[in-house]
Amino acid sequence: RFRDGKVTRHLPYFAFKGDYLFSRKSVRLEYGGRVYHDFSEEVSGHFSLRKLALKAQGDRWTWTVGAQEVAWGETFGIFIADIVNPRDLRDPLFNELSWIKVPVVCSNLQYYRDPWYAQMIITPVPRRTRFPGRDSEFNLFPKEYEGIPSATHKRYSVRRFGKDAEFGGRVGYLFDNGVDASFTYYRHWNRNAVYQFNGSSFEPWVKRVHSLGGSFSYAMQSFVIRGDVLLHTRHPVATSPLAA
C-alpha cells in the first residue's frame, strides 16, 4: 500500500515458458513471457517478453544468444551481484526480482570443467534502467525543483551496434569442502539515477563503470550460507539532492 488505500501493484497474470528442440539435439529455442492486467494503472493490457534465445549445448559448454536474464548473485533480497540486467525501478516498493529485471539481448557463453566453471557475457546493445517519471508518486525530484524540466534517459541505438556494448564474465571454483566461490567483472553503464544541472534543465549523467565482485555459497546439512560483495569504480554519485 502507498496512499489513499491503494496498492502500488494489483495484477493477476499468466506466465508461460517453454522450448523447441531442433533436429540437432544440441540446439533449442527457449522462450518465455507473461501477460498481465495492472489494476493500479490506467493502461490495462500488458505483455512482457522475458526470454527468446537460441541455446546450443555440448558436453562441457552452453552458448545462449538472445533476450534473457542472467543471475550471478547467491544471496536473497536486493541481489547486488545481478548487474547484467538493468531493473525497472518505477515502483521502488515492488522489488520482486523476477518482475523488475529488464531482459537484455546478449551472448552468454558458459564452460564447465569440474571443479572449474567460467562464463562470458557480451551485450552489444544495452538497455536502460527504468526510473519513475516526473508525474509519478515516486518522483525522484524534490519539490523545490518542480518547475525545472529534466531530460529522459535515452535508449541505446541499434545503429551503434557494439559501440555501447557491456561485457564481462565470471570464474568460479567448487572446493572439496563444499564452498562454491566465484569472481565477477562487468563493464557497463551506471545503473543509478544521477542528474547534472546545465543552467536551464537537468540532464542524466551516464558513465561507463567497472564492477568487480564475488559470491560464495556453502551447503550444510540443515542450511546454506550465502554471500555477495560488489565494488563499483568510477561510479557517478550525487553530491547534492540531484546535481553531480
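Located above this text is the structure these notes cover.
Residues numbered from 1 in each chain as written. Predicted model: local features only at pLDDT ≥ 70, side-chain atom pairs only at ≥ 80, totals over all residues. Heavy atoms only, no water.

## Observations concerning the overall build of the chain
This is how it is decided: Only DSSP runs of H or I reaching four residues or more are called helices, and only runs of E reaching two or more are called strands; each is numbered from the N terminus. Burial classes: relative accessible area under 20% of the type maximum marks a residue as buried, over 50% as exposed, and values in between as partly exposed (1.4 Å probe, protein chains only). Any two residues whose heavy atoms approach within 4.5 Å are treated as being in contact. Note that accessible areas follow from Shrake-Rupley with a 1.4 Å probe, and for residues the cover is restricted to the protein chains shown. The charge count includes Lys and Arg as positive and Asp and Glu as negative, but it does not include His or the ends of the chains. To locate a charge, take NZ of a lysine, CZ of an arginine, CG of an aspartate or CD of a glutamate.
When you go through the chain residue by residue, the secondary structure sums to 1 helix and 12 strands. Reading the chain from its N end, one meets helices and strands in the order β-β-β-β-α-β-β-β-β-β-β-β-β. Principal-axis analysis of the C-alpha atoms places the extent of the chain at approximately 60 × 50 × 40 Å. Per-residue burial over the chain gives 35% buried out of 244 residues. Sequence-distant contacts, at least 24 apart, represent 56% of the contacts inside the chain between residues at least 6 apart. Approximately 15,200 Å² of the chain is accessible, and the part contributed by carbon and sulfur atoms is 56%. Placing the 34 positive and 24 negative side-chain charges of the chain at their respective mean positions leaves the two points 6 Å apart.

## Description of the pairing of strand β8 (residues 179-189)
Along any regular strand, the residues point their side chains to alternate faces of the sheet. Which entries qualify depends on this criterion: The criterion for strand pairing is that DSSP finds at least two bridges linking the strands in question.
When strand β7 (residues 166-174) meets β8, the two strands line up antiparallel, connected through 8 bridges. When the sheet's bridge partners are listed, V171 is paired in β8 with F183. Counting the residues that bridge the hairpin from β7 to β8 gives 4 residues, and of these G178 lies at a positive phi of roughly 100°. Two strands pair when backbone bridges link them, and β8 and strand β11 (residues 208-219) are joined in this way by 11 bridges, in the antiparallel orientation. By the bridge assignment, T184 is partnered in β11 with G213.

## Observations regarding unusual backbone geometry
The residue after D114, namely P115, is reached through a cis peptide bond having omega 5°. Mapped onto the elements, P115 comes out in the loop between β5 (104-113) and β6 (116-123). Although it is not a glycine, R234 adopts a positive phi angle of roughly 55°. By the element assignment, R234 lies in the segment after β12 (224-233). With a relative accessible area of 48%, R234 lands in the partly exposed category.

## Here's the deal with the side chain of D88
Rules: What qualifies as a polar contact is a pair of N or O atoms within 3.5 Å, subject to a donor-acceptor requirement within protein and to the restriction that residues adjacent in sequence count only when both atoms come from side chains.
Along the chain, D88 turns up in the loop between β4 (61-68) and α1 (97-100). A distance of 2.6 Å separates polar atoms of two side chains, one belonging to D88 and the other to R90. In this structure, D88 is in contact with I100, V102 and R130, ignoring residues within four places of it in sequence.

## Describing the pattern of salt bridges
Quick reminder of the rule: Here, a salt bridge means any Lys or Arg side-chain nitrogen found within 4 Å of an Asp or Glu carboxyl oxygen.
Scanning the model with the defined rule gives 10 salt bridges in all. Residue E74 is joined to R226 by a salt bridge in which the shortest nitrogen-to-oxygen separation is 2.9 Å. Here the residue E74 occupies a position in the loop between β4 and α1, and R226 occupies one in strand β12, the gap between them amounting to 152 residues. Overall, E74 belongs to the buried group, its relative accessible area being 16%. Of the charged contacts, one joins R191 and E166 as a salt bridge, the two residues approaching to 3.0 Å between their closest N and O atoms. With R191 in the loop between β8 and β9 (195-197) and E166 in strand β7, this pair connects stretches of sequence that are 25 residues apart.

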